[in-house]
Amino acid sequence: QAQLAESGGGSAQAGGSLSLSCVASGLAFGNNVMGWFRQAPGLEREFVAAIRWNDGNTNYADSVKGRFTISGDNGKKTIYLQMSNLTPEDTGIYYCAAHVRDTIVTIDELLLPQTYDYWGQGTQVTVSS
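Residues numbered from 1 in each chain as written. Predicted model: local features only at pLDDT ≥ 70, side-chain atom pairs only at ≥ 80, totals over all residues. Heavy atoms only, no water.

### Some details on the pattern of salt bridges
Then comes step 1: For the structure on display, the rule yields 6 salt bridges.
Then comes step 2: Across the pair Arg-52 and Asp-55 runs a salt bridge whose closest N-O atoms are separated by 2.2 Å.
Then comes step 3: For Asp-55, a relative accessible area of 40% puts it in the partly exposed group.
Then comes step 4: Across the pair Asp-117 and Arg-101 runs a salt bridge, and its minimum N-O distance is 2.6 Å. (Salt bridge = Lys/Arg side-chain N within 4 Å of Asp/Glu carboxyl O. Buried < 20%, exposed > 50% of the residue type's maximum accessible area, 1.4 Å probe, protein only.)

Structure representation (structure tokens):
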């Protein structure tokens, strides 16, 4: 019954901006963690950013620090990814993910796809030079 739905993907030029959103249904937030991953053709899925609902703490991959911002709205059960100063290396399918088990998630574990229990279908982001 739990579902995640991403939206906001599209095309942008290098230096431009895009905003993604992910609406969660059938999930209780509490101390849960939600995040964004991306996967480029021929490459492994990589961590982008995560947010912890309990205290709002955020974590970012080094490659996006200073350019991307993750935020959440508990009332709307939605997380956002605001992306600016885009580069072609940001191209890929962006996935929303949710960790819903009541377990401790370490900083290292935030980076691992297996930490997350639910995934959206992904939204394509294409950045041209």
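### A short note on the pairing of strand 9 (residues 92-99)
Then comes step 1: With 7 of 8 residues buried, strand 9 lies mostly within the body of the structure.
Then comes step 2: For strand 4 (residues 33-39) and strand 9, the ladder comprises 7 bridges, and the chain directions are antiparallel. Note on strand 9: the bridge partner recorded for Trp-36 is Cys-96.
Then comes step 3: Across 2 bridges, the pairing between strand 9 and strand 10 (residues 118-119) is antiparallel. (Helix = DSSP H or I, 4+ residues; strand = E, 2+ residues; numbered from the N terminus. Pairing = 2+ DSSP bridges.)

### As for the packing of aromatic side chains
Then comes step 1: If you walk through the whole model with that rule in mind, you get 5 aromatic pairs.
Then comes step 2: Judged by centre distance (5.6 Å) and plane angle (75°), the ring pair of Phe-37 and Phe-47 falls under edge-to-face. One end of the pair, Phe-37, is in strand 4; the other, Phe-47, is in strand 5 (residues 46-52), with 10 residues separating them in the sequence. For the pair Phe-37 and Phe-47, a shared accessibility class is recorded, and that class is buried.
Then comes step 3: Site record: aromatic cluster; members linked through ring pairs are Phe-37, Phe-47, Tyr-95, Tyr-116 and Trp-119.
Then comes step 4: Between the NZ or CZ atom of Arg-45 and the centre of the ring of Tyr-95, over which it lies, the distance is 3.8 Å.
Then comes step 5: Just above the ring of Trp-119 sits the side chain of Arg-45; from NZ or CZ to the centre is 4.9 Å. (Phe/Tyr/Trp six-rings, centres within 6.5 Å; stacked < 30°, edge-to-face > 60°. Lys NZ or Arg CZ within 6 Å of the ring centre and 35° of its normal.)

### Some remarks on the sheet that holds strand 8 (residues 78-83)
Then comes step 1: Strand order across the open sheet formed by 4 strands is 1-3-8-7, with antiparallel pairing between neighbours. Lying at the two open borders of the sheet, with one neighbouring strand each, are strand 1 (3-7) and strand 7 (68-73). This sheet shows a mean twist of 15° between the axes of neighbouring strands, independent of strand direction.
Then comes step 2: The pairing of strand 1 with strand 3 (residues 18-25) spans 5 bridges and is antiparallel. Bridge pairing in strand 3 places Ser-7 opposite Ser-21. (Axes fitted to C-alpha atoms, helices over the stretch in contact; angles between N-to-C directions.)

### Thoughts on the nonpolar core
Then comes step 1: In this structure, Met-34, Trp-36, Leu-81, Met-83 and Tyr-94 are the most contacted members of the largest nonpolar core, which totals 34 residues.
Then comes step 2: Those elements giving two or more residues to this core turn out to be strand 3, strand 4, strand 5, strand 7, strand 8, strand 9 and strand 11 (123-128).
Then comes step 3: Per element, the largest residue contribution to this core is 5 residues, and it comes from strand 5.
Then comes step 4: Here Met-83 is in contact with Gly-16, Ser-17, Leu-18, Leu-20, Arg-67, Phe-68, Tyr-94 and Val-125, once residues within four sequence places are set aside. (Core = buried A, V, L, I, M, F, W, Y, C linked by side-chain atoms within 4.5 Å. Contact = heavy atoms within 4.5 Å.)

### Details of the environment of Val-127
Then comes step 1: The residue Val-127 is located in strand 11 in this model.
Then comes step 2: Relative accessible area serves as the criterion here: at 6%, Val-127 is assigned to the buried category.
Then comes step 3: Taking the C-alpha atoms as reference points, Val-127 and Pro-88, 39 residues apart in sequence, are found 4.7 Å from one another.
Then comes step 4: In this structure Val-127 touches Ala-12, Gln-13, Ala-14, Leu-86, Thr-87, Pro-88, Asp-90 and Thr-91, once residues within four positions along its chain are discounted.

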